[in-house]
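Chain by chain, the residues run as shown.
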Amino acid sequence: MITLNTRLTKDDCLFIYSEIKALLTINENRGATINSTQEFIKRIIDLAEKGQIEAIEYYHRLNLPQTPLFTYGQSDLLKNCNIPSNDSIINSNSTSFFNNTLFKHVVNLTRNKNGDPRSHMALYAYYSNLARQKVCNIEDEKNYEEALLTSDDYRRARYHFDSSIRMLKRSSHVDALSVQYLTEMGYKSENKEIPFSMEMSNFRSYLMQLISHQTNSEKKYKLRYGLYKNALIFSSQDEMSKNGVLSLKPEITYFLNESQKSSFVQHSKGII
């Protein structure tokens, strides 16, 4: 996840462009799904191999075992996966069944003991997907759920998810994008009497206000990304969101067009 404190790289910007474009395509054609957005899938695989954290997370959330990146269940390393602790594990012959480059990025994330919300969420996606793959042959629903919830990989997944949420909550009072991601994951207003549509409308208005007063170009760009993503994701939830997408579409289209220009990644000194 990209928050205000994230220092953007070129690959981060490519991810933002790809995600917003895919969400806009899905929003305009409700019959479409992420899986049918081939351009987005191709970009996700490419960025994941380069180590872009959100792409690694997306890859495992989308659960794409049909791609050559991972052939689940064939590797002894994956069947008995512990958090790797040395390079000899990475170079083992047991990694021949999947893409070594992507797995090395996952290993590097596990070695970062402190971590940040985005790396913890990527590891959550990795371990939860791994847990599902290991019990996928259990047909009985009760036994499947029990095997899944008691697995070491599920325990690791929960640890990383909880760590990410805890960090996001800690920064939410100063980072609107932390609130954005908490909202995406269901951590909406504590006042349960506030209608969802009103809450989303107010939050987008808040983001627009922050954007209008932001002088730092990189932070303004990240806030715009958060605004557009929020409107596109929640457009199916309420009519106010749908109207919001219609009014924002010219801005989103401009945002995408600007993102394709060669000078795009230099819109801020903070981008490397």
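The numbers attached to residues start from 1 for each chain and follow its sequence in the written order. Local features in this predicted model are restricted to residues of pLDDT 70 or higher, and side-chain atom pairs are both shown and tallied only at a pLDDT of 80 or more, whereas totals for entire chains, interfaces and linings draw on every residue. To obtain the side-chain values, all non-hydrogen atoms of the structure were included, while hydrogens and water were left out.

**Observations regarding the overall build of the protein**
Then comes step 1: Numbering goes from the N terminus for both helices and strands, where a helix is a DSSP run of H or I of at least four residues and a strand is a run of E of at least two. For the protein, the helix and strand inventory stands at 13 helices and zero strands.
Then comes step 2: Starting at the N terminus and walking to the C terminus, you meet the elements of the protein as α-α-α-α-α-α-α-α-α-α-α-α-α.
Then comes step 3: Between buried and exposed lies partly exposed: a residue is buried under 20% and exposed over 50% of the maximum accessible area for its type, with that area taken using a 1.4 Å probe on protein chains only. Taken over 272 residues, the protein has a buried fraction of 48%.
Then comes step 4: In this analysis, two residues are considered to be in contact whenever any of their non-hydrogen atoms come within 4.5 Å of each other. In the protein, the proportion of contacts linking residues at least 24 apart, taken out of those at least 6 apart, comes to 66%.
Then comes step 5: Surface accessibility in these figures is a Shrake-Rupley result with a 1.4 Å probe; residues are shielded only by whichever protein chains are displayed. As presented, the protein carries roughly 14100 Å² of accessible surface, and 49% of it is formed by carbon and sulfur atoms.

**Brief notes about the confidence of the model for the protein**
Then comes step 1: Scored from 0 to 100, pLDDT records how confident the predictor is in each individual residue. Summarising the model, the protein shows a mean pLDDT of 75, and 71% of its residues fall at 70 or more.
Then comes step 2: Of all helices and strands in the protein, the one with the weakest mean pLDDT is helix H5 (residues 87–90) (28), whereas helix H9 (residues 152–171) scores best (92).
Then comes step 3: Every residue in residues 64–97 scores below 50 in pLDDT, and together they form 68 contacts with partners more than four places removed in sequence or on other chains.
Then comes step 4: Predicted confidence for residues 267–272 stays below pLDDT 50, and this span has 18 contacts to residues more than four positions away or in other chains.

**Considering the packing of aromatic side chains**
Then comes step 1: Two rings from Phe, Tyr or Trp (for Trp, the six-membered ring) form a pair when their centres sit within 6.5 Å of each other. Planes less than 30 degrees apart are called stacked, planes more than 60 degrees apart edge-to-face, and all others tilted. Taken as a whole and assessed by the stated rule, the structure comprises seven aromatic pairs.
Then comes step 2: Their ring planes at 80° and their centres at 5.3 Å tell us that Phe40 and Tyr58 sit as a pair that is edge-to-face. A residue pair is termed long-range when its members are at least 10 positions apart, and Phe40 in helix H2 (residues 38–50) and Tyr58 in helix H3 (residues 53–62) qualify at 18 residues. Residue Phe40 shares its accessibility class with Tyr58, and that shared class is buried.

**Focus: H2**
Then comes step 1: What a helix should span is 1.5 Å times the count of its residues minus one. Over its 13 residues, H2 runs 19 Å from end to end, which matches the ideal 18 Å to within 8%, given 1.5 Å per residue.
Then comes step 2: Phe40, Ile41, Ile44, Ile45, Leu47 and Ala48 are the residues of H2 that are buried.
Then comes step 3: Against helix H1 (10–28), H3 and helix H6 (100–111) lie the buried residues of H2.
Then comes step 4: Immediately downstream of H2, the backbone of Gly51 shows phi near 95°, a positive value.

**Some remarks on the environment of Arg61**
Then comes step 1: Considering the arrangement of structural elements, one finds Arg61 in helix H3.
Then comes step 2: In sequence terms Arg61 and Asn129 are 68 residues apart; their C-alpha atoms lie 7.1 Å from each other.
Then comes step 3: Setting aside residues no more than four positions away along its own chain, Arg61 makes contact with Met121, Tyr124 and Ala125.
Then comes step 4: Polar contacts here mean pairs of N or O atoms no more than 3.5 Å apart (in protein, one a potential hydrogen donor and the other a potential acceptor; neighbouring residues in sequence count only if both atoms are side-chain atoms). Of note is the side chain of Arg61, whose polar atom sits 2.7 Å from the side chain of Glu57.

**Focus: the environment of Ala176**
Then comes step 1: The topology assignment puts Ala176 in helix H10 (residues 176–184).
Then comes step 2: A C-alpha to C-alpha distance of 8.0 Å links Ala176 and Leu223, two positions 47 residues apart in sequence.

**What about the pattern of salt bridges?**
Then comes step 1: By definition, a salt bridge exists where a carboxyl oxygen of Asp or Glu is found within 4 Å of a side-chain nitrogen of Lys or Arg. Inspection of every chain in the model, using the stated rule, returns 10 salt bridges.
Then comes step 2: For Asp153, the salt bridge is made with Lys134, and the minimal N-O distance between the two is 2.6 Å. Here the residue Asp153 occupies a position in helix H9, and Lys134 occupies one in helix H7 (residues 117–134), the gap between them amounting to 19 residues.
Then comes step 3: The class for Asp153 is buried, based on a relative accessible area of 3%.
Then comes step 4: The partly exposed category is assigned to Lys134, whose relative accessible area is 34%.
Then comes step 5: With a shortest N-O distance of 3.5 Å, Lys222 and Glu218 are connected by a salt bridge. Within this pair, Lys222 and its partner Glu218 are both found in helix H12 (residues 217–233), separated by four residues, close to a single helical turn. Summarising the burial analysis for this pair, Lys222 and Glu218 share the class buried.
Then comes step 6: When salt bridges that share partners are traced, they join Asp12, Glu54 and Arg118 into one network.

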